[in-house]
Amino acid sequence: MRLCAVSVDLDEIPNYFQIHGLALDSSAALGAVYDVAVDRLEAMARDAALPLTLFAIGADLARPEAAAKLRAALDRGHEIANHSLDHRYDLTRLDRAEIARQIAEGADAIARAVGERPVGFRAPGYTINDAVYDVLGELGVAYDSSVFPCPAYWGAKTAAIAWIAARGRRSRSIVDTPSVLTAPTRPYRVGTPYWKRGDGILELPIQVTRGPRLPVIGTYLTWWGADVARRLVRGCVGEPLVNLELHGIDVLDAGDGLEALRKNQRDVRVPKEKKLEALHAAFELLRREGYSFVTLREAAARF
Ligand SMILES: [Zn+2]
């Protein structure tokens, strides 16, 4: 089996100010993900003839324009999945009732916006724990895709939070336990603790390469251009599922009203054309290697 699912977390621009511990700059295009990126992502998907799985944050759908964009995407065959109500980076530190509210009301907001209930979930910031899985089980969620067993990413994120703190700011990001780095890299049923196999929810881990488990996500696929993107993807050819996770910001650049992020969010310095070229190089290689492109919901049904 060779399946590839391309999913996109539609984290709206204010989240990036929060990650860097910056005050919100109202001159920035704060709705650029729904206003600009979604159309660009759909054009990319059309060119590459692949379906997307779009992870939406419930609160963003209070904007009618955002809800309409999402509904149109569903009508065109893309899957809409749940990325929680408010994208609380500290979801795992909330009490159980608030965790349940964040997940259930995220799904409610999506159902109201697009007319169909999501079946998949992704936690904010790849940070999840057993309590979140318990709630997902109670709510009858079909799959989760949050586990990112990637030492290089974990180290970089830990360093970034410390770097931001050293400058007197406080990032809203938190890191998962390092035990997650021992989690399976292929789809598995979670046990307790969740980085071990069991008979719980189906987890579709975020993609890493074989061997050194390098990160195969949009940030790194777009940062160094097409050659590095191909090399990263080649490191996972042969896996039964290649779970490529992107963010809306991966198809935006500073020219999209994001000058205010240029200093801290370095990937907005890469021109959007170069980012899209790198993503297409990754998709092309996978197709040449015999991969079929599916939504995460379809992938989940096969595992
Ligand atoms: Zn997110």
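Look up a bit, the structure's there.
My aim in this report is to walk through the structure given alongside it, one point at a time. A quick note: this is a predicted structure, and the numbers were derived from the prediction, not measured.

### Focus on the pattern of salt bridges
Here comes step 1: Per the counting criterion, the structure on display carries 20 salt bridges.
Here comes step 2: The salt bridge partner of R88 is D90, with a shortest N-O separation of 2.9 Å.
Here comes step 3: R88 gets classed as partly exposed once you look at its relative accessible area, which sits at 33%.
Here comes step 4: A salt bridge links R96 to D134, with the nearest nitrogen and oxygen atoms 3.5 Å apart.

### Digging into the coordination of the zinc ion
Here comes step 1: D11 (OD), D11 (OD), H83 (NE2) and H87 (NE2) make up the full set of protein donors to the zinc ion, lying at 2.1 to 2.5 Å.
Here comes step 2: When the donors of the zinc ion are listed by position in the chain, the intervening gaps give D-x71-H-x3-H. In this pair, D11 is assigned in the loop between β1 (3-9) and α1 (14-19) and H83 in the loop between β3 (79-82) and α4 (96-114), connecting sequence segments 72 residues apart. Residue D11 shares its accessibility class with H83, and that shared class is buried.

### Structural notes on the environment of W154
Here comes step 1: Among the structural elements, W154 can be located in helix α6 (residues 151-166).
Here comes step 2: We classify W154 as partly exposed; its relative accessible area is 23%.
Here comes step 3: The residues contacting W154, other than those within four sequence positions of it, are V175, D176, T177, P178 and L181.

### Description of helix α9 (residues 272-288)
Here comes step 1: Over its 17 residues, α9 runs 24 Å from end to end, which matches the ideal 24 Å to within 8%, given 1.5 Å per residue.
Here comes step 2: Buried within α9 we find K275, L276, A278, L279, A281, A282, F283, L285 and L286.
Here comes step 3: Contacts from the buried residues of α9 go to β1, α2 (32-48), α7 (218-223), α8 (226-234), β8 (241-247) and β9 (292-293).
Here comes step 4: Downstream of α9 by a residue or two, G290 has a phi angle that is positive, lying close to 90 degrees.

The rules we used
- Residues numbered from 1 in each chain as written.
- Predicted model: local features only at pLDDT ≥ 70, side-chain atom pairs only at ≥ 80, totals over all residues.
- Heavy atoms only, no water.
- Salt bridge = Lys/Arg side-chain N within 4 Å of Asp/Glu carboxyl O.
- Buried < 20%, exposed > 50% of the residue type's maximum accessible area, 1.4 Å probe, protein only.
- Donors = N, O, S within 2.8 Å, 3.2 Å for Na, K, Ca; no water.
- Helix = DSSP H or I, 4+ residues; strand = E, 2+ residues; numbered from the N terminus.
- Contact = heavy atoms within 4.5 Å.
- Expected span 1.5 Å × (residues − 1).

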